[in-house]
Amino acid sequence: MSINQPNTKVVTEVTKPAEPKPLAQTGNFVMENQKSLTFIVAAVLALIVIYFAYQKFYLAPREIEASNKMYVAQDFWEKKNWDKAINGDAGYPGFAKIVDEYSNTKAANLAYYYLGVAYLNKGEFKKAAENLTNYRGDDAIIASQALGNTGDAYVELKDYDKAITFYKKAIDKGNNSFTSPMYLKKMALVYENQKNYNDALDAYQKIKTDFPESSEATSIDKYIARVQAQK
């Protein structure tokens, strides 16, 4: 007699795990933080408006005014009337007043250069260095001369290490056949004064090889010979 075997197959019901809730979508984030974002955007726009208003309605008129007033001081400077170039005359401001009253303008920046050279020629070397280092420029001639004149001021102050530093900056900034050989020669003379004949020789030889057409190169052989005799 056959006995029917019970069906032993177990049906297992697999329950799918609950799907994680998706991260907040960008739209939801914006909606939830709308007030904060609106405030940030408004603040940025306000800063932009203030910047352009400052440039147009405050700085630009001051720039024009400073330039219009500075030409008399420039004329005194070109005539080497250093006191009037610095302090002004007959109702026209000198460079000292320009940098004081028209700060952040291009005219005031240039006035620092004029002031520095004027003080240098008056023998006020500390004031010369202070004003020349306040000048900010990227051109190859004036910026190089500002650095080189700063080196001259430090030579007069007998701070030879700073003088060399500024001469090097002037040489690199200029990189031309007018200012570079001039400051190479000045730097070499400082090296000689310090009895650093190797660096002095390097500077003199650089004039001969890199700037052979310069006026400094015409007599450079005697400087090279003098240094070589000291080694």
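Our structure's up above, just so we're on the same page.
Residues numbered from 1 in each chain as written. Predicted model: local features only at pLDDT ≥ 70, side-chain atom pairs only at ≥ 80, totals over all residues. Heavy atoms only, no water.

**Q** Is there a simple way to explain the overall build of the protein chain in this structure?
**A** Helix and strand counts for the protein chain come out as 11 helices and two strands. The linear arrangement of helices and strands in the protein chain, starting from the amino end, is α-α-α-β-β-α-α-α-α-α-α-α-α. Taken over 231 residues, the protein chain has a buried fraction of 35%. When contacts within the protein chain are restricted to residue pairs at least 6 apart in sequence, long-range pairs at least 24 apart make up 49% of them. Of the accessible surface of the protein chain, which amounts to about 15,400 Å², a share of 55% is contributed by carbon and sulfur atoms. (Helix = DSSP H or I, 4+ residues; strand = E, 2+ residues; numbered from the N terminus. Buried < 20%, exposed > 50% of the residue type's maximum accessible area, 1.4 Å probe, protein only. Contact = heavy atoms within 4.5 Å. Areas by Shrake-Rupley, 256 points an atom, 1.4 Å probe, with all protein chains shown as cover.)

**Q** In this structure, what is going on with the environment of T179? I would like to understand it.
**A** Within the secondary structure, T179 sits in helix α9 (residues 179-193). Given the relative accessible area of 0%, T179 is considered buried. Each C-alpha atom of the pair T179 and A140 lies 8.7 Å from the other, and the pair is 39 residues apart in sequence. Contact partners of T179, with chain neighbours within four places excluded, come to A140, S144, Q145 and G174. Within polar-contact distance, the side chain of T179 engages the side chain of S144 at 3.2 Å. (Polar contact = N/O pair within 3.5 Å; in protein donor to acceptor, adjacent residues only side chain to side chain.)

**Q** Just checking my understanding: could you explain the nonpolar core for this structure?
**A** The nonpolar side chains of a soluble globular protein tend to be buried, and buried together. Formed by 55 residues in total, the largest nonpolar core has its most connected members in W77, F95, Y113, L184, M187 and Y204. Residue contributions to this core peak at nine residues, all from helix α5 (residues 106-122). When near neighbours in sequence (up to four residues on either side) are disregarded, M187 contacts I164, Y167, K168, I171 and A203. (Core = buried A, V, L, I, M, F, W, Y, C linked by side-chain atoms within 4.5 Å.)

**Q** I would appreciate a short explanation of the packing of aromatic side chains in the present structure.
**A** Both the distance between ring centres and the angle between the ring planes are used here to describe each pair of aromatic rings. In the structure shown here, the tally under the stated rule is 10 aromatic pairs. On the basis of an interplanar angle of 50 degrees and a centroid distance of 6.4 Å, the ring pair of W77 and Y113 is categorised as tilted. With W77 in helix α2 (residues 34-78) and Y113 in helix α5, this residue pair connects regions lying 36 residues apart in the sequence. Measuring from ring centre to ring centre gives 6.0 Å for Y167 and Y183, while their planes differ by 20 degrees; the resulting arrangement is stacked. Of this pair, Y167 sits in helix α8 (residues 160-174) while Y183 sits in helix α9; the two residues are 16 residues apart in sequence, bridging distant segments of the chain. Across this residue pair, the class does not change: Y167 and Y183 are buried. An aromatic cluster is defined as three or more aromatic residues linked by ring pairs; in this entry it consists of W77, W82, F95, Y113, Y114 and Y135. Seen from the ring of F166, K169 lies directly overhead, with NZ or CZ sitting 4.9 Å from the centre. (Phe/Tyr/Trp six-rings, centres within 6.5 Å; stacked < 30°, edge-to-face > 60°. Lys NZ or Arg CZ within 6 Å of the ring centre and 35° of its normal.)

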